[in-house]
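# Fold and geometry: a report
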Amino acid sequence: MKAQAPSVKGWCPGAHRPMMSGDGLVVRIRPRCGVLTQAQALGLCDVAEQYGSGVLDLTSRANVQIRAVAEQNHPAVLAALMDLDLLDADANIETRRNIVVTPIRAADGRTGRICHALAQALTDLPAVPAKFGFVIDDGPARLLADASGDIRIEAAQDGNLILRLDGMDHGMRTDEARLIKHITAIMAWFMAQPNPRRMAGVVAAAEGIPFECTVQPAPFAARPLLGPDIQMETNIATHYGAPFGQVLASDLRSLLIRCEGAELRITPWRSFLLLGTNGTEAQGLITHSDDPILRVDACPGAPLCPSASVETRALARALAPMAPAGGLHLSGCAKGCARAQAAQITLVGQNGAFDLVENGAAWDKPVKTGLTAQALIKMKWNEPR
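Residues numbered from 1 in each chain as written. Predicted model: local features only at pLDDT ≥ 70, side-chain atom pairs only at ≥ 80, totals over all residues. Heavy atoms only, no water.

### Let's talk about the state of the cysteines
Should the sulfur atoms of two cysteines be covalently bonded, the bond is a disulfide. In the structure shown here, the tally under the stated rule is 1 disulfide. With a sulfur-sulfur separation of 2.4 Å, Cys33 is cross-linked through a disulfide to Cys115. Its torsion about the S-S bond being -120°, the disulfide of Cys33 and Cys115 is classed as left-handed. Here Cys33, found in the loop between β2 (24–29) and β3 (35–36), pairs with Cys115, found in helix α4 (residues 110–121); they are 82 residues apart in sequence, far enough to count as distant. Its relative accessible area of 10% is what places Cys33 among the buried residues. Unpaired in terms of disulfides, Cys259 finds its nearest cysteine sulfur in Cys45, a separation of 13 Å. Judged by its relative accessible area of 6%, Cys259 falls in the buried class. The cysteine Cys333 is free of any disulfide, with Cys337 supplying the nearest cysteine sulfur at 5.7 Å. Look at Cys333 and you get buried, because its relative accessible area is 15%. (Disulfide = S-S within 2.5 Å. Helix = DSSP H or I, 4+ residues; strand = E, 2+ residues; numbered from the N terminus. Buried < 20%, exposed > 50% of the residue type's maximum accessible area, 1.4 Å probe, protein only.)

Here is the structure:
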């Protein structure tokens, strides 16, 4: 039985507007076009160690987070981010700069031009809810099908640009010259609809769409495997995964120092590409796509999150070797922040124990309740429940 997802906050943390968690403020940085220079990445490592927990989070929106920042240190963090050119002076622009960009792209190609043009136009676009976002996925095959976004800038099968409203299978033709004009019209229509929160919901409820959305987008493609030999026209990269989206600042710094001048591209898969490298080993990071950790999603859990009643990450590591092919999701509460989609097995914290959901999300009806961590470790996962 499917239940409605519980209410969550209507906004995401930022740098100007962090979110309080169990261990302090969560400060989210939105790298421009998903890129960090080596100097910026090293600077973030320093900030995370000086003012936070020494850990960097990679999010499903290709952002980077510093955790456990004390409230009195927040001004110093903002000043450091400004020095690194990682902060918009205008807090409203930072909030609106929800742009996820395909990491597989040429350095000076169409994707980068679109991203910069969109970022420059944000002040003039219609006001939208805080979680409204864009996905730029205009390569010959779409890599960001699972990335959250309301307006998707993609390529048609002939390579020309289209705009696709989230929730629709086809898009409308556009080009770089008319792109911002078309985006403005779509956003204005969106805001004129009843209860405009996310595009997919508006599209599902709308009686008609006043745009000619008839063009089939380019086909899907699998995300690049972790490890070396990631080819991008004139460049090569290594793809590193972060266990549960977390990397120690000390581990990242060590890698960067050995790869002088390398550029990071943050992905929405809780990973990053390190351009100009080809297989440099890295402590604490994942470089093989068959690592069982990759089959597990886990939120920070207790005591880091005040909504959680259970610890999640240590149990996730213990259960990873047994995780089913359809995914294992450990959620500290019913909000399911680490994974919005259904998983083959979802474990949900409830009053210090776990409920077990099969082929569902954290808010769906469980088939078992009151399970302890010890019971889950001993469970025969391949047997019927």
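### Concerning the side chain of Asn63
Relative to the assigned elements, Asn63 resides in the loop between β4 (55–58) and β5 (64–69). When near neighbours in sequence (up to four residues on either side) are disregarded, Asn63 contacts Arg28, Ile29, Arg30, Pro31, Asp57, Leu58 and Ile266. (Contact = heavy atoms within 4.5 Å.)

### Considering empty space enclosed by the protein
Taken as a whole, this structure holds 3 cavities of 30 Å³ or more when the rule is applied. Taken as a whole, the largest cavity encloses approximately 70 Å³ of empty space. In this structure, the largest cavity is lined by Leu36, Ala41, Leu44, Leu56, Leu58, Val64, Val247, Leu252, Leu264, Ile266 and Phe272. Here the lining of the largest cavity is built from residues that sort into 11 nonpolar, no polar and no charged. What the second largest cavity holds in volume is close to 40 Å³. As for the second largest cavity, its lining consists of Arg105, Ala106, Ala107, Met232, Thr234, Asn235, Arg265 and Leu275. For the lining of the second largest cavity, a count of residues per class yields 4 nonpolar, 2 polar and 2 charged. (1 Å grid on protein atoms, 1.4 Å probe; cavity = no way out; pocket = protein on both sides within 12 Å on 5 of 7 lines; lining within 4 Å. Points joined across faces, edges and corners; volume = space filled by probe spheres on them. Nonpolar A, V, L, I, M, F, W, Y, C, P; charged D, E, K, R; others polar.)

### Description of the environment of Leu163
As for its placement among the helices and strands, Leu163 is situated in strand β9 (residues 161–165). Residues Leu163 and Val135 lie 28 residues apart in sequence; the distance between their C-alpha atoms is 10.0 Å. What Leu163 contacts, discounting residues up to four positions off in sequence, is Ile151, Arg152, Ile153, Gly171, Met172, Thr174, Leu179, His182, Ile183 and Ile186.

### Considering the packing of helix α1 (residues 38–51) against helix α7 (residues 249–258)
With their axes 9 Å apart at the nearest point, α1 and α7 run at an angle of 155° to one another. Our classification of the angle between α1 and α7 gives roughly antiparallel. You can see that α1 and α7 cross each other, and the crossing is left-handed. Along its contact with α1, which presents Gln38, Ala41, Leu42, Cys45, Asp46, Ala48 and Glu49, the element α7 presents Ala249, Ser250, Leu252, Arg253, Leu256 and Ile257. (Axes fitted to C-alpha atoms, helices over the stretch in contact; angles between N-to-C directions. Parallel < 35°, antiparallel > 145°, perpendicular 65-115°, else oblique. Left-handed = near helix turned anticlockwise from the far one by under 90°.)

### A few points about the sheet that holds strand β20 (residues 368–371)
Two orientations exist for strands paired in a sheet by backbone hydrogen bonds: parallel and antiparallel. Strand order in the open sheet made by the 5 strands is β16-β17-β18-β19-β20, with mixed pairing throughout. Two strands lie at the open edges of the sheet, namely β16 (296–298) and β20, each paired on one side alone. For this sheet, the mean angle separating the axes of adjacent strands, direction not counted, is 20°. Two elements, strand β19 (residues 353–360) and β20, share 2 bridges in a ladder whose sense is antiparallel. Counted as the bridge partner of Phe354 is Leu371 from β20. (Pairing = 2+ DSSP bridges.)

### Things to note about helix α2 (residues 74–83)
For α2, every residue scored as buried is listed here: His74, Val77, Leu78, Ala80 and Leu81. End-on view of α2: buried residues confined to an arc of 165°, all on one side of the axis. Exposed and facing more than 90 degrees away from the buried side of α2 are Pro75 and Asp83. As for α2, its buried residues are in contact with β2, α1 and β5. After α2 finishes, the residue Asp85 shows a positive phi value of roughly 60°. (Arc of directions from axis to C-beta.)

### Here we look at the pattern of salt bridges
With the rule as written, the count across this model stands at 18 salt bridges. Among the salt bridges present, the one from Arg32 reaches Asp85, with a minimum N-O distance of 3.7 Å. Residue Arg32 is found in the loop between β2 and β3, and its partner Asp85 is found in the loop between α2 and α3 (91–96); the two are separated by 53 residues along the sequence. According to the relative accessible area criterion, Arg32 is partly exposed, its value standing at 31%. The salt bridge involving Asp150 is made with Arg198; its shortest N-O contact spans 3.0 Å. With a gap of 48 residues between them, Asp150 in the loop between β7 (134–137) and β8 (151–155) and Arg198 in the loop between α5 (179–191) and α6 (199–205) connect regions that are remote in the sequence. When salt bridges that share partners are traced, they join Arg32, Asp85, Asp88 and Arg97 into one network. (Salt bridge = Lys/Arg side-chain N within 4 Å of Asp/Glu carboxyl O.)

Keep in mind these values describe shape, not function.
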